[in-house]
Amino acid sequence: QADARPYQFQERLKSDGRWRIVVFAGDVANSNQKERVRKLGDALSDPKSFIKRFTPPKTAVDSLIEILTIHSAHRDKTELFDFPEIFRPYSERDGWDYWKVYVDDQSYHEGHGHAYDNYGVDVSKGCVVILRPDQYVGWVGKLEDVEEMDQYFSGFMVARW
């Protein structure tokens, strides 16, 4: 989103032991879809969410489970701050994280990534994918399936409280 460059998505998946929640946010220029994404962000940032339960105390919100977002709206129709804060976390040291939200759109000089087409995701509805630290797909569901995401992680992680 920030620099309009196409990337191979795998390049964004550092081999650092973190779990990834990949939010294919769909066309967030559509108000209904934007509301679905907002509700997902609210659920994931809730103090009782699985992310908060499993993230070690006094560590960054994305230290264990990183959220990466790819939306399908035109990049000039949306801004980074249109997304819930958990999708673009803030750090006292580094400020806002501009490397968590991506757009599947035409770049200025380097073509189009076509991520939605290549991954078989509906560009209007999107989906959520949980990637294990070894980058295998562990779970796929709808943006509203937060309880199922919680059940997935609760099956093997230990709550910090």
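Residues numbered from 1 in each chain as written. Predicted model: local features only at pLDDT ≥ 70, side-chain atom pairs only at ≥ 80, totals over all residues. Heavy atoms only, no water.

**Comments concerning the pattern of salt bridges**
Applicable threshold: Between Lys or Arg on one side and Asp or Glu on the other, a salt bridge is scored when a side-chain nitrogen of the former is within 4 Å of a carboxyl oxygen of the latter.
In the structure shown here, the tally under the stated rule is 16 salt bridges. Of the charged contacts in the structure, one is a salt bridge between Asp-134 and Arg-132, with a shortest N-O distance of 2.6 Å. Connected via shared salt-bridge partners are Asp-16, Arg-18, Arg-20, Asp-62, Glu-66, Asp-97 and Lys-100.

**Digging into the nonpolar core**
Rule in force here: Remark: nonpolar core denotes a set of buried residues (Ala, Val, Leu, Ile, Met, Phe, Trp, Tyr, Cys) joined through side-chain atoms within 4.5 Å. A simple rule labels every residue: compare its accessible area, found with a 1.4 Å probe on the protein chains alone, to the largest value its type can have, and call it buried under 20%, exposed over 50%, or partly exposed in between. By the criteria applied, helices consist of DSSP H or I runs no shorter than four residues and strands consist of E runs no shorter than two, each listed in order from the N terminus. Two residues form a contact once any of their heavy atoms are found within 4.5 Å.
One finds Ile-21, Leu-40, Phe-50, Phe-87 and Phe-153 to be the most contacted residues of the largest nonpolar core, which totals 27 residues. Those elements giving two or more residues to this core turn out to be β1 (19-26), α1 (31-45), α2 (50-54), β2 (65-71), β6 (127-131) and α4 (146-154). If one sorts the elements of this core by residue count, β1 sits on top with 4 residues. Ignoring sequence-local partners within four residues, the contact set of Phe-87 consists of Val-23, Val-37, Leu-40, Gly-41, Leu-44, Ile-67, Thr-69, Lys-100 and Val-101.

**Brief notes about α1**
As a reminder, the rule being used: To estimate the expected span of a helix, count its residues, drop one, and scale the result by 1.5 Å. The directions from the helix axis to the C-beta atoms are what the arc is built from. Contacts described as polar in this section are N or O atom pairs within 3.5 Å, which, within protein, must combine one atom able to donate a hydrogen with one able to accept it, while residues neighboring in sequence count only if both atoms come from side chains.
End to end, α1 covers 21 Å across 15 residues, agreeing with the expected 21 Å (1.5 Å per residue, within 8%). Listed in full, the buried residues belonging to α1 are Gln-33, Val-37, Leu-40, Gly-41 and Leu-44. One face of α1 carries all of its buried residues, which in axial projection span an arc of 100°. Seen from the open side of α1, the exposed residues pointing more than 90 degrees away from its buried face are Ser-31 and Asn-32. Where α1 begins, the side chain of Asn-30 points an oxygen toward the backbone nitrogen of Asn-32, at a separation of 2.8 Å.

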